[in-house]
Amino acid sequence: MATEFHNLQELRHSASLANKVFIQRDYSEGTTCRFQTKFPSELESRIEQTLFEDTVKTLNNYYAEAEKIGGQSYVEGCLACFTAYLIFLCMETRYEKVLKKIAKYIQEQNEKIYAPRGLLLTDPIERGMRVVEISIYEDRGSSGSSSGSSSVSGSTTR
Amino acid sequence: MKNCEYQQIDPRTLSVSPQSAQSLGEAKRQRPRRKWEVFPGKNRFYCDGRIILARQNGVLPLTLGLIVVTCGLFFAFDCPFLVEHLTVFIPVIGGVLFVFVLSSLLRTSFTDPGILPRATTEEAADVERQIDTSGSSTYRPPPRTKEILINQQVVKLKYCFTCKMFRPPRTSHCSMCDNCVERFDHHCPWVGNCVGKRNYRFFYIFIISLSFLTSFIFGCVITHLTLRSQTGKSIIQTIQESPASVVELVICFFSIWSILGLSGFHTYLVASNLTTNEDIKGSWSSKRGAEESGNPYTYNSIITNCCATLCGPMPPSLIDRRGFVLSDEAVPVGSASRMELPPFAVKSDVNMFFCTCIFFVSIYQDIFLGRW
């Protein structure tokens, strides 16, 4: 069942949330932030495997860049220490800069690739960097949804 | 999903309409609430979510008080004599150390240690689906663990029933704060906060600078009393002339052993890329069984371990304290709210002073209670 959406706003207004898929973290290389590139079965009918893997690999590269321990991070760390961390009042940390790049990348991916296929990526930072949440939408106009659980409330308040 | 052209709904401007009534139940509320107001853990927040502390932070003022009082007495009673007889650099060095100690202390106490936000309902349901549950839901099921490979070594991940997720490696649930904290070291009552991934470097700088400060004051006071008694007076006379010095001496003498010990212990932990939690539990000790179970996180080089722990990149706060709570699945305001303001931007000086006072006492208590 191919559901076509032209942009994200149309997705929001005319679709209902059918299911959510969670891409978990890959800890095989330690505690650095990496996500599993295993293609979930729920997405098989929705998106090509290569596109999905490209997205996750690019995200992994961004996070690796943010957490890279090298010359620049040492300089930043030492400078911050000597200025009693006041330096962060004027400048952003490298991690924050990369997070902004990631947010832009996810938005671009959503607009170009995922929304037209009725999917939406959630930035992992919204979920405590634990999962990449992919929401699967079904067109409200279509007859019934294929997947089971429909969790619309999704309340963030606890 | 902040990546779409979504306009944040402000409940104040809403008029109740049939479509929106259901999903915007929070429209009844007069003002939008920030996430720290609905935070599920046992933390206290000040300055509208900018400062985070543990609930039991009663020892922090005492700690701060001890530091400030000792340094105050030092600057008031010992420095004039020493400046006259020795060098003007003594109060300068003392001042620099004092600033370092205080700033790292405040930073440790007020920084989010690396709290992991609890899993959303959908995420928790997804995890549940992946776990085999054969029993009924009326009793707590047996502990759930998941084994993963990290650098070719088997590590067990435990399921946290409170936060409804499998804890990432090196994460532990702090019962005092009721949060899962990344790279959990220990909960320090002296600091009034957990020590974890994001504030371990501040904690380390704090104890190192405190060791220097205590030793420095101790040395200076001894020198002061020695110089005074060299002019032919007896010890009793010298003490009577400068009673504050004795107070400082007593405080420094009792604290110096524990602080130096703690510094040494944490230097060892930093050099081997371990946490206090792991060391106490003996997670990577070779005593457990015949198989090789070294620390999978170490870089096998002391310098790299130190640099990675102390000078590594500063990870962001994951709990987004100042973001707004929204009732539907759309995410709160953008990244500007995620940036954590340093404690120096604090408006509430009274809170800050109070908070910093507690710390010092925690330090002493922490030391005596025991990492040695």
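Since we're looking at a predicted model, the values are computed, not measured.

Peer 1: What am I meant to see in the overall build of chain B here?
Peer 2: The helix and strand inventory of chain B stands at 10 helices and 10 strands. The buried share of chain B, reckoned over its 372 residues, is 54%. With an accessible surface of roughly 17400 Å², chain B has 61% of that area assigned to carbon and sulfur atoms.

Peer 1: Explain the overall build of chain A to me, please; I cannot follow it from the model alone.
Peer 2: Counting secondary structure elements, chain A contains four helices and three strands. Ordered by position from N to C terminus, the α and β elements of chain A give α-β-α-α-α-β-β. Within chain A, the proportion of its 158 residues that are buried is 51%. Put simply, 62% of the contacts in chain A that link residues at least 6 apart link residues at least 24 apart. In the structure as shown, chain A presents an accessible area of about 7400 Å², 52% of it carried by carbon and sulfur atoms.

Peer 1: Help me out: how do you make sense of the pairing of strand β4 (residues 145-150) of chain B in this one?
Peer 2: Side-chain positions along a regular strand alternate between the two faces of the sheet. Residue and element names in this part refer to chain B. As paired strands, β4 and strand β5 (residues 153-160) are joined by six bridges and run antiparallel to one another. Of the residues in β5, the one forming a bridge with K146 is L157. Where β4 folds back on β5, the antiparallel hairpin that results is connected by two residues, among which N151 adopts a positive phi of roughly 50 degrees.

Peer 1: It is not clear to me how the sheet that holds strand β7 (residues 172-174) of chain B should be interpreted in this structure. Could you clarify?
Peer 2: Sheet strands pair via backbone hydrogen bonds, and the direction of the pair is either parallel or antiparallel. Residue and element names in this part refer to chain B. What the three strands build is an open sheet, ordered β3-β8-β7; its pairing is antiparallel. Across the chains shown, the open sheet's two edge strands, defined by having one partner strand only, are β3 (115-116) and β7. Both β3 and strand β8 (residues 179-181) contribute to a ladder of two bridges, which runs antiparallel. Each bridged residue has a counterpart across the sheet, and for I115 the counterpart in β8 is V181.

Peer 1: Got a minute to help me understand the nonpolar core in this structure?
Peer 2: All names here are of chain B. With 50 residues, the main nonpolar core has I67 and F203 as its most contacted residues. Those elements that provide at least two residues to this core are β2 (51-54), α2 (60-85), α3 (89-110), β4, β5, α5 (200-229) and α7 (243-271). In terms of residue count, the dominant contributor to this core is α5 (12 residues).

Peer 1: Honestly, the packing of aromatic side chains in this entry has me stumped. Any pointers?
Peer 2: Here the distance between the centres and the angle between the planes together describe a pair of aromatic rings. Residue and element names in this part refer to chain B. One pass over the full model with this rule turns up 12 aromatic pairs over all chains. Judged by centre distance (6.1 Å) and plane angle (70 degrees), the ring pair of F74 and F216 falls under edge-to-face. Of this pair, F74 sits in helix α2 while F216 sits in helix α5, and the two are 142 residues apart along the sequence. With a relative accessible area of 1%, F74 lands in the buried category. Plain terms: the ring middles of F75 and F98 are 6.5 Å apart, the flat faces sit at 80 degrees to each other, and that makes the pair edge-to-face. Taken as a pair, F75 in helix α2 and F98 in helix α3 lie far apart in primary sequence, 23 residues in all. Here the basic side chain of K146 rests over the ring of F166, its NZ or CZ set 4.9 Å away from the ring centre. Over the aromatic face of Y200 sits the side chain of R183, whose NZ or CZ is 5.5 Å from the ring centroid.

Peer 1: Would you mind showing me how to read unusual backbone geometry here?
Peer 2: Trans is the common state for peptide bonds, and a negative phi is the common state for residues other than glycine. All names here are of chain B. Its identity as a non-glycine residue notwithstanding, Q152 has a phi of 60 degrees, on the positive side. For Q152, the location among the structural elements is in the loop between β4 and β5. The phi torsion at N300 lies on the positive side, around 60 degrees, for a residue other than glycine. Mapped onto the elements, N300 comes out in the loop between α8 (276-281) and α9 (302-311).

Peer 1: I keep staring at the sheet that holds β4 of chain B and nothing clicks. Help me out?
Peer 2: All names here are of chain B. Within the open sheet, the three strands sit side by side as β4-β5-β6. Their pairing is antiparallel. Taken across any chain shown, the strands that pair with only one partner, and hence form the sheet edges, are β4 and β6 (165-166). Bridge analysis of β5 against β6 gives two bridges, and the strand direction is antiparallel. Bridge pairing in β6 links C160 to M165.

Peer 1: Whenever I open this one, a nonpolar patch on the surface confuses me. Can you help?
Peer 2: Residues and elements named next belong to chain B. A surface patch of nonpolar side chains, about 510 Å² in accessible area, is lined by V83, V88, F89, V92, I93 and V96. Structurally, the position occupied by F89 is in helix α3. A residue is classified by how much of its surface remains accessible, and F89, at 53% relative accessible area, is exposed.

Peer 1: I would appreciate a short explanation of the state of the cysteines in the present structure.
Peer 2: Here is the idea: a disulfide is a covalent bond, and it sits between the sulfur atoms of two cysteines. Residues and elements named next belong to chain B. In total, this model carries zero disulfides over all chains according to the counting rule given. Looking at the unpaired C220, the closest cysteine sulfur is the one in C79, lying at 7.0 Å. Given a relative accessible area of 7%, C220 falls into the buried group. Residue C252 stays outside any disulfide, its sulfur separated by 8.2 Å from that of C71, the closest cysteine.

Peer 1: Would you mind going over the confidence of the model for chain B with me for this structure?
Peer 2: Interpreting fine coordinate detail is not advised for predicted regions of low pLDDT. Residues and elements named next belong to chain B. Averaged over every residue, the pLDDT of chain B is 76; residues scoring 70 or more account for 73%. Within chain B, the lowest mean pLDDT, 46, falls on helix α10 (residues 349-369), and the highest, 92, falls on β7. Confidence drops under pLDDT 50 across residues 13-27; counting only partners more than four residues distant or on other chains, this segment forms 15 contacts. Residue range residues 329-372 is modelled with pLDDT below 50. Its contacts to residues more than four positions away, or to other chains, number 159 contacts. Reported confidences for the modelled complex are a pTM of 0.77 and an ipTM of 0.77.

Peer 1: Just to check I follow, could you spell out the environment of I302 of chain B for this structure?
Peer 2: Residues and elements named next belong to chain B. Among the structural elements, I302 can be located in helix α9. Exposure remark for I302: the relative accessible area of 55% places this residue in the exposed category. Linking I302 and I51, residues 251 residues apart in sequence, is a C-alpha distance of 34 Å.

Reading the values: the criteria
Note that residues are indexed from 1 along each chain, following the sequence as it is written. As a convention, the first chain written is A and the first ligand written is 1, with the rest following in written order. Local features are withheld for residues below a pLDDT of 70 in this predicted model, meaning they are given only at 70 or higher, and side-chain atom pairs are given and counted only at 80 or more; totals for whole chains, interfaces and linings count all residues. Water and hydrogen atoms were dropped before computing side-chain values, which therefore reflect all heavy atoms in the structure. Each helix is a run of DSSP H or I of at least 4 residues and each strand a run of E of at least 2, with the numbering of both proceeding from the N terminus. Exposure categories follow from relative accessible area, calculated using a 1.4 Å probe and restricted to protein chains: below 20% of the type maximum is buried, above 50% is exposed, and the middle band is partly exposed. Accessible areas in this description were obtained via Shrake-Rupley with a 1.4 Å probe; residue shielding takes into account the shown protein chains only. Note on definitions: a residue-residue contact is assigned when non-hydrogen atoms from the two residues lie within 4.5 Å. Any two strands between which DSSP finds at least two bridges are classified as paired. In this text, buried Ala, Val, Leu, Ile, Met, Phe, Trp, Tyr and Cys residues form a nonpolar core when linked through side-chain atoms within 4.5 Å. Between rings of Phe, Tyr and Trp, where Trp is taken as its six-membered ring, a pair exists when centres lie within 6.5 Å; planes separated by under 30 degrees are stacked, by over 60 edge-to-face, and by other angles tilted. Remark: a charge is flagged as sitting over a ring if the NZ atom of Lys or the CZ atom of Arg is within 6 Å of the ring centre and within 35 degrees of the ring normal. For patches, a residue must show more than 30% relative accessible area and have no salt bridge; joins then use 9 Å for like charges and 5 Å for nonpolar side chains, namely Val, Leu, Ile, Met, Phe, Trp and Tyr. A pair is scored as a salt bridge if a Lys or Arg side-chain nitrogen falls within 4 Å of a carboxyl oxygen belonging to Asp or Glu. Throughout, disulfides are identified as pairs of cysteine sulfur atoms within 2.5 Å of each other. The score called pLDDT rates the predictor's confidence residue by residue, from a low of 0 to a high of 100.

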